[in-house]
Amino acid sequence: MESLTGQRVTRRYPAGAEPLKEGGVSFRVWAPLRKTVEVVTDAGLRRLERESDGYFSGIVDEASAGTRYSYRLDGGDVLPDPASRYQPDGPHGPSVVVDPAVFRWNDAAWKGLELARQVISEIHIGTFTREGTWEAAIRELPAIARTGITVLEVMPVAEFAGEFGWGYDGVQWYAPSHLYGTPDDMRRFVDAAHSLGLAVLLDVVYNHLGPDGNYATRFCKDYVTSKYTTDWGEAINYDGENSGPVRDFVTGNATYWVDEFHIDGLRLDATQNIYDDSSDHILGVITRAVRDAAQGRKTIVIAENEPQETRLVRPAEKGGYGMDGLWNDDYHHTAVVALTGRSEAYYTDYRGTPQEIISAMKYGYLYQGQYYKWQKQRRGTTSLNIPKSTFITFLENHDQIANSASGKRMHQLSSPSLHRAMTAVTLLG
């Protein structure tokens, strides 16, 4: 792209505010249905140039890292950036320019992560410590490393509305929630984890946008589609009209976490609600983007997939998407029945017998096309010829399984190893 003065600019990502080495900030936003887009800063207004593909872009010389800005659409609405890197006042406030080059990493020797023989603890930054911040979580890392846990899976951190949330209603996918600290605080957390031999996965939600603070559709309604429905709202548009920039937005986000935050991989939430009828499924595109962004480091991509479709982890040459791991819901469900006696809802079809638990460890999924009474349809596809380390056996926090009498929080402990059965949950933090 070219600047307002004709200067050629190379950007890292399709959208967002990027500081330039030579000074100023490159702004770019996708708003194909808008006639004008202006950047609003303390220095005033700067009108962006419209590109042929519906993007608006330009350089603001007066802007730099730390500058607060918004976009003014058609001379009216003043809104935060859908690709904002930081929202210090929450999703409704102005965005802030962030320079990732300022942070100095100390993990050059870190080689990344392979899935087999890992023990994963899922944590929520907002509840992991009393303070609920990245800084406070860093203090707990040495104790975690001593337990034998090897990977921390951080629940979604994308900016969301309100003072508390599990992260599954994120609205600005590039902005780590201001509730937990700054983007550099998140980088410090990852850097500290790597120094202790702990890998870090990030849970991401690419199937829907949250209902409060979602301004992306004000820039273009084609971020979402009515062609499909999800359990939480409108589906993301991966295969309809104007889906190209949406795919770039999401692929860029996956790249961003690995590149700028040194995340070791992603766990994709509810992939059954990520719909794409194109020839190159977005799940395969995301997986390749994560690999490329790592620049030689080993990364993993894990799917939560309620229908238990194993094609997600099959290689592309066999019709799959090339992902690394699958959350083994069957193991979880039968283990919970065994430990608690619960048999309602999606536990209905499980007996919790030793054989079910052994079979889930041995074969991966229990349901590989059999009739599933709870859903009144067949469930799952064959897991034969898939490495057993692909299937992540896990238990969640259930009061019926264990009681945290000391008030410590209980977190999910996962083991993708065929030879290591989960027999207990671990009390942490």
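Described below are features of the structure shown in this document. These figures come from a predicted structure and were not determined experimentally. Each chain carries its own residue numbering, running from 1 in the direction its sequence is written. Residues qualify for local features only when their pLDDT is at least 70, as the model is predicted, and side-chain atom pairs are given and counted only at 80 or more; totals for whole chains, interfaces and linings, by contrast, use all residues. No hydrogens and no water enter the side-chain calculation; it runs on all heavy atoms of the structure.

What about the layout of surface pockets?
Rolled over the atoms, a probe with the dimensions of a water molecule shows which regions are left empty. Reported here for the second largest pocket is a volume of approximately 640 Å³. To qualify as a helix, a DSSP run of H or I must reach at least 4 residues; to qualify as a strand, a run of E must reach at least 2; elements of each kind are numbered from the N terminus. Among the elements of the structure, strand E1 (16-19), helix H5 (243-261) and helix H6 (282-294) are those that each provide at least two residues to the lining of the second largest pocket. Here the residues of the lining of the second largest pocket sort into 12 nonpolar, three polar and 11 charged. Definitions used for this entry: grid spacing 1 Å over protein atoms alone; cavity, a set of points where a 1.4 Å probe fits but cannot get out; pocket, an open set with protein on both sides within 12 Å along at least 5 of 7 lines; lining residue, one with an atom within 4 Å of a point. Grid points are joined across faces, edges and corners, and a volume is the space filled by probe spheres set on the points. Gly counts as polar in this scheme, as do all residues outside two lists: the nonpolar Ala, Val, Leu, Ile, Met, Phe, Trp, Tyr, Cys and Pro, and the charged Asp, Glu, Lys and Arg.

Some words on H6
Multiplying 1.5 Å by the helix residue count minus one yields the expected span of that helix. Along its 13 residues, H6 runs 18 Å from first to last C-alpha, staying within 8% of the 18 Å computed at 1.5 Å per residue. Type-normalised accessible area, obtained with a 1.4 Å probe on protein chains alone, sets the label of each residue: buried when under 20%, exposed when over 50%, and partly exposed for intermediate values. Taken across its 13 residues, H6 has 10 buried, putting it largely inside the fold. Of the positions making up H6, those classed as buried are Ile282, Leu283, Gly284, Val285, Ile286, Thr287, Ala289, Val290, Ala293 and Ala294. In this structure, the buried residues of H6 make contact with H5, strand E17 (265-268) and strand E18 (300-303). One or two positions beyond H6, positive phi appears at Gln295, with a value near 50°. In what follows, residue pairs with any heavy atoms lying within 4.5 Å of each other are defined as contacts.

Points about the side chain of Thr287
Along the chain, Thr287 falls in helix H6. For Thr287, a relative accessible area of 3% puts it in the buried group. Two N or O atoms form a polar contact when they lie within 3.5 Å of each other; inside protein one atom must be a possible hydrogen donor and the other a possible acceptor, and for residues adjacent in sequence the pair counts only when both atoms belong to side chains. Within the structure, Thr287 has its side chain in polar contact with the backbone oxygen of Leu283 (distance 2.8 Å). Beyond its immediate sequence surroundings of up to four residues, Thr287 is in contact with Val301, Tyr321, Gly322 and Met323.

Thoughts on the nonpolar core
Core analysis: the biggest nonpolar cluster contains 68 residues, and Phe189, Tyr206, Trp257 and Leu266 have the highest contact counts within it. With eight residues, the single largest contributor to this core is H5. Apart from residues no more than four positions distant in its own chain, Tyr206 is found in contact with Trp173, Ile236, Tyr238, Val250, Asn253, Ala254, Trp257, Leu266, Leu268, Ile274 and Ile286. By convention a nonpolar core is built from buried Ala, Val, Leu, Ile, Met, Phe, Trp, Tyr and Cys residues, the set being connected through side-chain atoms within 4.5 Å. Counting residues in each nonpolar core, the second largest holds 18 residues, with Val25, Phe27, Val39 and Tyr215 among its members.

Focus on empty space enclosed by the protein
Throughout the structure, instances matching the rule amount to two cavities of 30 Å³ or more. Forming the walls of the largest cavity are 13 residues, and the residues nearest its centre are Ala158, Trp173, Asp203, Val204 and Val205. Going through the elements one at a time, strand E14 (199-204) and H5 are the ones with two or more residues in the lining of the largest cavity. For the lining of the largest cavity, the leading source of residues is E14, giving three residues. Residue composition of the lining of the largest cavity, grouped by class: nine nonpolar, three polar and one charged. Taken as a whole, the second largest cavity spans an internal volume of roughly 80 Å³. What lines the second largest cavity is Pro82, Val171, Gln172, Trp173, Leu209, Ala216, Tyr223, Ile236, Val246, Phe249 and Val250. Those elements that provide at least two residues to the lining of the second largest cavity are strand E13 (172-176) and H5. Considering each element in turn, the lining of the second largest cavity owes the most residues, three residues, to H5.

Looking at the pairing of strand E4 (residues 44-47)
Successive side chains on a regular strand alternate, one facing one side of the sheet and the next facing the other. Pairing of strand E3 (residues 37-41) with E4 involves four bridges; the strand directions are antiparallel. Bridging from a neighbouring strand, Thr41 pairs with Gly44 of E4. Whether two strands pair depends on DSSP finding at least two bridges between them. Adjacent in sequence and paired antiparallel, E3 and E4 are bridged by two residues.

Observations concerning the packing of helix H2 (residues 134-146) against helix H3 (residues 183-195)
Packed helix pairs are specified by the crossing angle of their axes together with the interaxial distance, meaning the distance between the axes. To obtain an axis, a line is fitted to C-alpha atoms, over the contacting stretch when the element is a helix, and the angle between two such axes runs from 0 to 180 degrees between their N-to-C directions. Following both chains from N to C, one finds H2 and H3 inclined at 5°, their axes separated by 9 Å at the closest point. By the criterion of interaxial angle, the relationship of H2 to H3 is roughly parallel. Between H2 and H3, the residues in contact are Trp134, Ala137, Ile138 and Leu141 and Asp185, Met186, Arg188, Phe189, Ala192 and Ala193, respectively. Taken together, the residues that form the contact of H2 with H3 break down as eight nonpolar, no polar and two charged. Angle categories are assigned with fixed cut-offs, so that under 35 degrees is roughly parallel, over 145 is roughly antiparallel, 65 to 115 is roughly perpendicular, and the rest are oblique.

Geometry only, nothing functional implied.
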